[in-house]
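These are the residues of each chain, in order.
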Amino acid sequence: MRFILNWLLTSIAVAIATALVPGIEPFGAADAWMSFAFVGLFLGFVNSLIKPLLTFISFPLTILTLGIFQLVINSFMLELASWLSVNLLGSGIAISGFFSALAGSIIVSIACTILGVATKDA
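In this text, all values refer to a predicted model and were calculated from it rather than measured experimentally.

Q: Please provide a residue-by-residue account of the packing of aromatic side chains, values included.
A: Taken as a whole and assessed by the stated rule, the structure comprises 3 aromatic pairs. Aromatic pair Phe 3 and Trp 7: ring centres 6.3 Å apart, planes at 35°, arrangement tilted. On the criterion of helical spacing, the pair formed by Phe 3 and Trp 7 is a turn pair, its members being 4 residues apart in helix α1 (residues 2-20). Exposure remark for Phe 3: the relative accessible area of 46% places this residue in the partly exposed category. Under the relative-accessibility criterion, Trp 7 is labelled partly exposed at 29%. A network of ring pairs unites the aromatic residues Phe 3, Trp 7 and Phe 45 as a single cluster.

Next up, the structure:
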């Protein structure tokens, strides 16, 4: 049940990022909410499977930059989730460039944190 709640919260966070960042928009033949759901699903998988490995590998660089490099990793995870959803399911979000992905990943992280705190007792 917690997986479904996290998926829903991540999808809402992606929708918020799409509304706020000019370089991110829904893509594909499906409705916009389906695009957000697909990206939220893949973002959950990517964050649980690939992000720990990248975080471990880039740990010296993260220490050297005082944690700022973690933003680059988060941006890459959003780009990867978007790419997977578009190429595997035909619907997702289109990200125009790195700075759009960076802004989107910051907004997704903040929104997921706020929504997670709001639903902590659920």
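Q: Residues and numbers for the side chain of Ser 85, please.
A: Of note, Ser 85 is situated in helix α5 (residues 69-89). For Ser 85, a relative accessible area of 0% corresponds to the buried category. Separated by 3.5 Å, the side chain of Ser 85 and the backbone oxygen of Ser 91 make a polar contact. For Ser 85, the contacting residues outside a window of four places in its chain are Phe 38, Val 39, Phe 42, Gly 90, Ser 91, Gly 92 and Ile 93.

Q: Explain α1 to me, and be specific about the residues and the numbers.
A: Helix length check: α1 (19 residues) gives 27 Å between terminal C-alpha atoms against 27 Å at 1.5 Å per residue, within 8%. What α1 keeps buried is the set Leu 5, Leu 9, Thr 10, Ser 11, Ala 13, Val 14, Ala 17 and Thr 18. If you follow the buried residues of α1, they end up packed against β1 (24-28), α2 (32-49), β2 (91-95) and α6 (98-118).

Q: How would you explain the environment of Cys 112 if you had to name every residue and give the values?
A: With respect to the helices, strands and loops of the structure, Cys 112 is situated in helix α6. Exposure remark for Cys 112: the relative accessible area of 26% places this residue in the partly exposed category. Setting aside its immediate chain neighbours within four residues, Cys 112 contacts Leu 9, Thr 10 and Ala 13.

Q: How would you summarise the packing of α2 against α5 if you had to cite specific residues and measurements?
A: Contact pair α2 / α5: the axes reach a minimum separation of 8 Å and the direction vectors enclose 125°. Regarding the angle of α2 to α5, the classification is oblique. Both α2 and α5 take part in a crossing whose hand is right-handed. Of the residues in α5, those in contact with Phe 38, Val 39, Phe 42, Leu 43, Val 46 and Asn 47 of α2 are Met 77, Leu 78, Leu 80, Ala 81, Leu 84, Ser 85, Leu 88 and Leu 89. Residue classes in the contact of α2 with α5 are distributed as 12 nonpolar, 2 polar and no charged.

Q: Could you give an account of the layout of surface pockets, naming the residues involved and the relevant values?
A: Approximately 170 Å³ is the volume found for the largest pocket. Thr 10, Leu 43, Asn 47, Lys 51, Asn 74, Met 77, Leu 78, Ser 105, Val 108, Ser 109, Cys 112 and Thr 113 together form the lining of the largest pocket. Of all the elements in the fold, those that place two or more residues in the lining of the largest pocket are α2, α5 and α6. Considering every element that reaches the lining of the largest pocket, the biggest residue donor is α6, with 5 residues.

Cut-off values and rules
Residues numbered from 1 in each chain as written. Predicted model: local features only at pLDDT ≥ 70, side-chain atom pairs only at ≥ 80, totals over all residues. Heavy atoms only, no water. Phe/Tyr/Trp six-rings, centres within 6.5 Å; stacked < 30°, edge-to-face > 60°. Helix = DSSP H or I, 4+ residues; strand = E, 2+ residues; numbered from the N terminus. Buried < 20%, exposed > 50% of the residue type's maximum accessible area, 1.4 Å probe, protein only. Polar contact = N/O pair within 3.5 Å; in protein donor to acceptor, adjacent residues only side chain to side chain. Contact = heavy atoms within 4.5 Å. Expected span 1.5 Å × (residues − 1). Axes fitted to C-alpha atoms, helices over the stretch in contact; angles between N-to-C directions. Parallel < 35°, antiparallel > 145°, perpendicular 65-115°, else oblique. Left-handed = near helix turned anticlockwise from the far one by under 90°. Nonpolar A, V, L, I, M, F, W, Y, C, P; charged D, E, K, R; others polar. 1 Å grid on protein atoms, 1.4 Å probe; cavity = no way out; pocket = protein on both sides within 12 Å on 5 of 7 lines; lining within 4 Å. Points joined across faces, edges and corners; volume = space filled by probe spheres on them.

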